[in-house]
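Coordinates in review
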Amino acid sequence: MALADTMAAFVADLSLDTIPSSILDSARDRVLDAVSTAVGGHDMPVTKAILATVAAGGDAGGSTVLPTGGTAAPRDAALVNGTAVHSLLFEDYNAPSGDHPGAAVVPAALAAAESGTALRGRPGTVGDLLVAVVAGYEIQVRLGFMSGKRIWLRGFRTTPVVGAVAASAASASAFGLSAQRTAVALSMGANLSSGFLEGFGHGTMEPYIHGGIAAQNGLLAGWMGYGGVEAASPTFEGGSGWFSVFGDGDLARETFPDDWALPTVIAKTYPAAGGKTNMMESAAAVFEQGVDPSQIDHVLVREPAEVHAFPGGDNTGPFENMYEAQDSTQFLVAAGLLGRPLTSLATMRNFNDPEVLELAQRISSVGEEGRYATGTAVATIEVTLRDGSTIVSERDNPAAHAPSIATMSAKVRELADRTWSAERIEKVIGLIVGDPQTPITELSSALQGV
């Protein structure tokens, strides 16, 4: 059986009855996480630019636009929402393939659940949204495992490359497509995969639009599946197919994994590049020991070769914008060594903090092979003090980043506080975590502040 057929059968079989309650809860916390960052990123320049892009098209529609509470055509809403989810670099993270499923999957699932009444033959429910989210995440994380880091070693970005397929799965699920038509949707999503790493080296906007592009393309692929488009069966494993183009190698083309993958996705504790989490924690651990930053002579960061080679990652500043700082080893380690609150967006927005920039000049980094083997980007910080003594720090605590409904509800409260009333926040949380048979229109109204 072709991989598209195997994945499609899996997606088509998903329902509220076949998904374990713990996995549905993981879907709930993923929706909460995406809502928090989309609303929190309402005023980011990239979000405003994509809102203006959509307005220039002039299309109206009834799908929710999370950062504004307005509505737009489904594909436009998915584009805006996926961009907004990614706009703070505070979205979720899949370590083995370095991608951000929530930015692609949740916006596609929401737009499809809201707009798919005619395709499903019935009104949508919150349960349709949750099942679609499970479908998208399971495809994204499993394909990410199968293709691994090879996608981004070729200069492609895993978020839009894998995300377009995952968003197709979410859309096909929410539309209620058969396994046969879902296979077509997945194959067309594969044909719509693209996106490059180059923008990270310049602090420009395209990496943060990638999630929106993937979500938008996933909706299109779902409609193609419904509409009767035909696609090659071996789209993924064929000699000129998706794996060969994007990620052929040792892990590619292996058997589609069986274990539930959604719970392996982490929620970022820090609004920064996901591969930098461990080194930030390691730097903060040095500060917690009472080390006086003024006594630091120089710092060496030993990080995974793959993280070191990532565009924009080895950068001492000064920085033109927040995105450059969020991707910089030197900025993030310096901020941690100085005791800056790493969980705070204010630290990242103050990207030209003079003390951080001064210390960043004394920080160098090297990439070492083998540190990424387990999928956790473990880094070691070596701090040499002016008296010649050295402090070595390596902190790795993945359990601290495991999301839950409680922690993600708190994140919604924190990031939506500037724009939503407390009553609205609690209503949205209650609908997402409550009865899955609730009509999706009730959630849409709450998200729109109606």
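Residues numbered from 1 in each chain as written. Predicted model: local features only at pLDDT ≥ 70, side-chain atom pairs only at ≥ 80, totals over all residues. Heavy atoms only, no water.

**A few points about the nonpolar core**
Formed by 84 residues in total, the largest nonpolar core has its most connected members in L129, I139, L143, F236, W242 and L443. For this core, the element with the most residues is helix α7 (residues 126-147), which contributes 13 residues. Ignoring anything within four residues of it in the chain, the contact list for W242 reads L143, S147, I151, V161, V162, V165, A190, S193, T235, F236 and G247. The next biggest cluster of nonpolar side chains, apart from the first, holds 55 residues, and it includes L79, V333, L342 and L359. (Core = buried A, V, L, I, M, F, W, Y, C linked by side-chain atoms within 4.5 Å. Buried < 20%, exposed > 50% of the residue type's maximum accessible area, 1.4 Å probe, protein only. Helix = DSSP H or I, 4+ residues; strand = E, 2+ residues; numbered from the N terminus. Contact = heavy atoms within 4.5 Å.)

**Things to note about the pattern of salt bridges**
Counted under the stated rule, the structure contains 20 salt bridges. Among the salt bridges present, the one from K411 reaches D33, with a minimum N-O distance of 2.7 Å. Taken as a pair, K411 in helix α19 (residues 405-416) and D33 in helix α2 (residues 21-40) lie far apart in primary sequence, 378 residues in all. Of the charged contacts in the structure, one is a salt bridge between R142 and E138, with a shortest N-O distance of 2.8 Å. Here the residue R142 and the residue E138 both occupy positions in helix α7, the gap between them amounting to four residues, near one helical turn. (Salt bridge = Lys/Arg side-chain N within 4 Å of Asp/Glu carboxyl O.)

**Things to note about unusual backbone geometry**
With an omega dihedral of 0 degrees, the bond running from G317 to P318 counts as a cis peptide bond. In this fold, P318 is placed in the loop between α14 (305-308) and α15 (322-327). One non-glycine residue, L89, lies in the positive phi region at around 55 degrees. Along the chain, L89 turns up in the loop between α4 (74-86) and β3 (92-93). With a relative accessible area of 3%, L89 lands in the buried category.

**Here's the deal with the packing of aromatic side chains**
Summed over all chains, the structure comprises 11 aromatic pairs. When the ring of F156 is compared with that of F246, the centres are 4.8 Å apart and the planes differ by 85 degrees; the resulting orientation is edge-to-face. Taken together, the positions of F156 in the loop between α8 (150-153) and α9 (158-175) and F246 in helix α12 (residues 242-246) put the pair 90 residues apart, joining distant regions of the chain. A relative accessible area of 18% means that F156 is categorised as buried. Taking the relative accessible area as the measure of exposure, F246 reaches 6% and is therefore buried. An aromatic cluster of three or more residues is present, and its members are F156, F196, F236, W242, F243 and F246. Lying over the aromatic face of F10, R142 brings its terminal NZ or CZ to 4.4 Å of the ring centre. In this structure, K411 is placed above the aromatic ring of F90, and the distance from its NZ or CZ to the ring centre is 4.2 Å. (Phe/Tyr/Trp six-rings, centres within 6.5 Å; stacked < 30°, edge-to-face > 60°. Lys NZ or Arg CZ within 6 Å of the ring centre and 35° of its normal.)

**So, the pairing of strand β8 (residues 390-393)**
Every second residue of β8 is oriented toward a common face, the buried set being I391 and S393 and the non-buried set T390 and V392. As paired strands, strand β7 (residues 380-385) and β8 are joined by four bridges and run antiparallel to one another. Of the residues in β8, the one forming a bridge with V383 is I391. From the end of β7 to the start of β8, which pair antiparallel, there are four residues, and G388 there has a positive phi angle of about 90 degrees. (Pairing = 2+ DSSP bridges.)

Everything listed is a geometric property; what it means functionally is a separate question.
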